[in-house]
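Residue-level structure breakdown
So you can see what is in the structure, the chains are spelled out below.
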Number of protein chains: 2
Amino acid sequence: MAAHAGVSRQTVSNALNAPQRLTAPTLARVRAAIDELGYVPDEAARALTSRRTRLIGIHIGPTAHSHASTPEPLLAEFVRAAARHGFRLVVLGSFGDDAGQIAAFDDVWRRRAVDGVILTDTHTDDARPAWLRERGVPFAAFGRPWGAPDSPHPWIDVDGHGGAWLAVDHLASSGHSRIAFLGWGHDEAGGDDRERGWLEAMTTRGLDARPHAHASGDTVVAGAERAAELLERWRPTAVVCASDTLAAGVVRAADRRGIAVGSDLAVTGYDDSPLARLTHPELTSLTQPFAAVADFLVDHVVMASGIEVPDPPPRTRVAEPTLVVRGSTGGVRAGALSF
Amino acid sequence: MAAHAGVSRQTVSNALNAPQRLTAPTLARVRAAIDELGYVPDEAARALTSRRTRLIGIHIGPTAHSHASTPEPLLAEFVRAAARHGFRLVVLGSFGDDAGQIAAFDDVWRRRAVDGVILTDTHTDDARPAWLRERGVPFAAFGRPWGAPDSPHPWIDVDGHGGAWLAVDHLASSGHSRIAFLGWGHDEAGGDDRERGWLEAMTTRGLDARPHAHASGDTVVAGAERAAELLERWRPTAVVCASDTLAAGVVRAADRRGIAVGSDLAVTGYDDSPLARLTHPELTSLTQPFAAVADFLVDHVVMASGIEVPDPPPRTRVAEPTLVVRGSTGGVRAGALSF
């Protein structure tokens, strides 16, 4: 390869890994030789010379802390976003707790088996960011640093507050005023954020913000149990839920009481998970902008590993979800409403 | 490291990658030095000397060919199984079609970015096995080579035929005789296998094996549509379904007609997906032995990459699913029945 281009091996390496070190004519000559020979660098050799693996580590769900997982569509977006920079994704295992994840980070980092990691499912008292910072592991987080707002690492979150506000907007503009909220309690920061959005949207409109309840967990059964009490006590015409799972519980509770979801009762979910299309009627829900989330997180890890990216993202970002209207809110409007 | 043990770097490399080349005392001395220093080999250096990346590539769902995906629990088992040999899992992207997967295989193989790949979602006219064989890429498949039974590559499948038989057994022993089948048509080999199991189990018992239908796709809506016709025409007391998705469709169709699933109508799903616990009542279903599947596939890729594994698996294996009894069949028996 180097002989073919009439240059040294270091020059070929530079052309691949540090093109800015070469003059334009040399770079052009090496690149022409690369094209002509169909040369593909060996990743191990490249990793050893560049000190980069071009691998990013990530955990998959389910998590010990919340309903959150790493949904398949998000994982697919990570793969796509990483490929923009010639990076790939390594699965480090199931979430488990912070200690288990840290053990996995420790293993791959000591072996230099990845260039950095992506955190998902941030939570209060999250032990991972400080550990990663101390070791100098490049990372970025999906989810704000709950309880540690000054944490200096890059993160992106989706505006749970704004999403709930969007759901209330949609319902109020369809004529609802008795709009209840069903969440999953106060232990989960993301759920709280969604509840605050509902509360403020209701209060701002002068609507009664008392009708709310917390399920004992983010499950359909727990949601159905609390929904039965919520419907009995407050007789709402609409329920904003902190998750699709809880919304499915509301649908189940309504079905049992002969209340027709979509006409007698409007229900909104959150996250636009596969479950949102499995209830009858299907759930109006809030879609997270996974492509933007993946681009942001991958760009930060790539940058932190010492590679420049075009249009570097800001250090932190709150992205807006999109309301997808389906049958559970009467299907009065087709398509998606932007925030 | 090498100096500390008083040996050459090649000897350290041998101790890590080819211990059989060293005498016992030398190996012991190097290992003691490794322990003492807490030495962890750099993956890139190790990959270059061993010509192994210790990475296995895999695609994630959804697929172009069927309802099958790479479920999160299976992905987690792959990670666990790979870790037994010091291997890790690289996500190559979403399934897409064969051509897209082959392009991804081509890219990682030319770069020597993985040591092999795992195929899932095998199907008739599957272009992937022949391509991988021609290139000499180590691989193993989850799913038998439908339409190409003599294909020489290693594969493991779960006995769809036996699983459906198991469902019929369970229903017949609970007193059912009008047991219908709902599948998703004849294009999908795995679905056919499940249908044949139902057919033979019914015929063997002398039961009427006419009541069956095929949904237009493996979706809840398509399942509910066909289930409505099936219930109307045959008035079965039980329906064996080729997937949890279709079973959820039967539950929906029954709900609409005021038929109580669990008491008036028994329904069985297949795959024991998360959906099985989201219907009301929850679905009796068939669990796939993901741990055994992951061990088998990873062992074969590791072996094909030139590393010995303890207890090498046979070239092909059909593993048995397990029936998990839940409310949709009356919950008459708690726990799981083994085949």
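My aim in this report is to walk through the structure given alongside it, one point at a time. The shown structure was predicted, so the numbers you read here are calculated from the model rather than taken from an experiment. (Residues numbered from 1 in each chain as written. Chains lettered and ligands numbered in written order. Predicted model: local features only at pLDDT ≥ 70, side-chain atom pairs only at ≥ 80, totals over all residues. Heavy atoms only, no water.)

1. Re helix H12 (residues 290–304) of chain A
Residues and elements named next belong to chain A. Short version of the rule: The numbering of helices and of strands both runs from the N terminus, where a helix is a DSSP run of H or I of at least 4 residues and a strand a run of E of at least 2. By definition here, a helix of n residues has an expected span of 1.5 Å times n minus one. Accessible area is worked out with a 1.4 Å probe on protein chains only. A residue is then buried under 20% of its type maximum, exposed over 50%, and partly exposed in between.
Taking 1.5 Å as the rise per residue, H12 with 15 residues should run 21 Å; its terminal C-alpha atoms sit 21 Å apart, in good agreement. Here H12 has its buried residues at Phe290, Val293, Ala294, Phe296, Leu297, Val298, Asp299, His300, Val301 and Val302. Of the residues flanking the end of H12, it is Gly306, one or two places downstream, whose phi is positive at about 100°.

2. Observations concerning the layout of surface pockets
Note the following rule: Within this scheme a cavity is a closed region of a 1 Å grid, computed over the protein atoms alone, that accommodates a 1.4 Å probe without allowing it to escape, whereas a pocket is open but has protein on both sides within 12 Å along at least five of seven lines; lining residues each have an atom within 4 Å of a point. Grid points are joined across faces, edges and corners, and a volume is the space filled by probe spheres set on the points. Asp, Glu, Lys and Arg are counted as charged, while Ala, Val, Leu, Ile, Met, Phe, Trp, Tyr, Cys and Pro are counted as nonpolar; the rest, among them Gly, fall into the polar class.
In this structure, the second largest pocket occupies an estimated 590 Å³ of space. Looking at the second largest pocket, it is lined by 25 residues, and the ones nearest its centre are A:Asp255, B:Val251, B:Asp255, B:Thr279 and B:His280. Elements with a contribution of two residues or more to the lining of the second largest pocket: helix H11 (244–256) of chain A together with helix H11 (244–256) of chain B. Among the residues making up the lining of the second largest pocket, the classes are represented as 14 nonpolar, 5 polar and 6 charged.

3. Describing the packing of aromatic side chains
Residue and element names in this part refer to chain A. Basically, it comes down to this: In this scheme Phe, Tyr and Trp rings, the latter by its six-membered ring, pair at centre separations within 6.5 Å, and the angle between planes marks the pair as stacked below 30 degrees, edge-to-face above 60, and tilted otherwise. Consider the ring centre and the ring normal. A charge sits over the ring if Lys NZ or Arg CZ is within 6 Å of that centre and within 35 degrees of that normal.
Counted under the stated rule, the structure contains 2 aromatic pairs over all chains. Here the guanidinium or amino end of Arg112 rests over the ring plane of Trp109, the centre of that ring lying 4.8 Å away. Taking NZ or CZ as reference, Arg194 lies 3.8 Å from the ring centre of Tyr270, over its face.

4. As for the nonpolar core
Nonpolar side chains in soluble globular proteins generally cluster together in the buried interior. Short version of the rule: The nonpolar core is taken to be a set of buried Ala, Val, Leu, Ile, Met, Phe, Trp, Tyr and Cys residues, with the residues joined through side-chain atoms within 4.5 Å.
Ranked by size, the top nonpolar core spans 58 residues in total, and within it A:Phe78, A:Leu297, B:Phe78 and B:Leu297 carry the most contacts. Membership of the second largest hydrophobic core comes to 38 residues, among which are B:Ala164, B:Met202, B:Ala213 and B:Ala227.

5. So, helix H6 (residues 98–110) of chain A
Three or four residues apart is the spacing at which side chains of an α-helix point the same way, because the helix has 3.6 residues per turn. All names here are of chain A. The condition is simple: The arc under discussion is defined with respect to the helix axis, by the directions toward the C-beta atoms.
The terminal C-alpha atoms of H6 lie 18 Å apart, and with 13 residues this matches the ideal 18 Å at 1.5 Å per residue to within 8%. Taken together, the buried positions of H6 are occupied by Asp98, Gln101, Ile102, Ala104, Phe105, Val108 and Trp109. Burial along H6 is one-sided: seen end-on, the buried residues are contained in an arc of 160°. At the C-terminal side of H6, Arg112 shows a positive phi close to 55°.

6. A few points about the pattern of salt bridges
To be explicit about the condition: What makes a salt bridge here is a side-chain nitrogen of Lys or Arg within 4 Å of a carboxyl oxygen of Asp or Glu, nothing more.
For the structure on display, the rule yields 39 salt bridges over all chains. For the salt bridge of A:Arg135 with A:Asp106, the shortest nitrogen-to-oxygen distance reads 3.3 Å. You can see A:Arg135 sitting in helix H7 (residues 128–135) and its partner A:Asp106 sitting in helix H6, a full 29 residues away along the chain. Among the salt bridges present, the one from B:Arg84 reaches B:Asp295, with a minimum N-O distance of 3.5 Å.

7. As for the packing of helix H6 (residues 98–110) of chain B against helix H7 (residues 128–135) of chain B
Residues and elements named next belong to chain B. Condition: Only the contacting stretch of a helix is used when fitting its axis, a line to C-alpha atoms as for every element, and angles between N-to-C directions run 0 to 180 degrees. Note that the term roughly parallel is reserved for angles under 35 degrees, roughly antiparallel for angles over 145, roughly perpendicular for angles of 65 to 115, and oblique for everything else. Working rule for handedness: look at the near helix, and if it is turned counterclockwise from the far one by less than a right angle, call the crossing left-handed; if clockwise, right-handed. Residue contacts are defined here by distance: any two heavy atoms, one from each residue, within 4.5 Å place the two residues in contact.
Taken N-terminus to C-terminus, the directions of H6 and H7 make an angle of 20°; their axes are 10 Å apart at the nearest point. On the basis of their axis angle, the class for H6 and H7 is roughly parallel. H7 is crossed by H6, and the crossing has right-handed handedness. Contact with H6, carried on its side by Asp98, Gln101, Ile102, Phe105, Asp106 and Trp109, involves Arg128, Trp131, Leu132 and Arg135 of H7 and no other residues of that element. Here the contact of H6 with H7 is built from residues that sort into 5 nonpolar, 1 polar and 4 charged.

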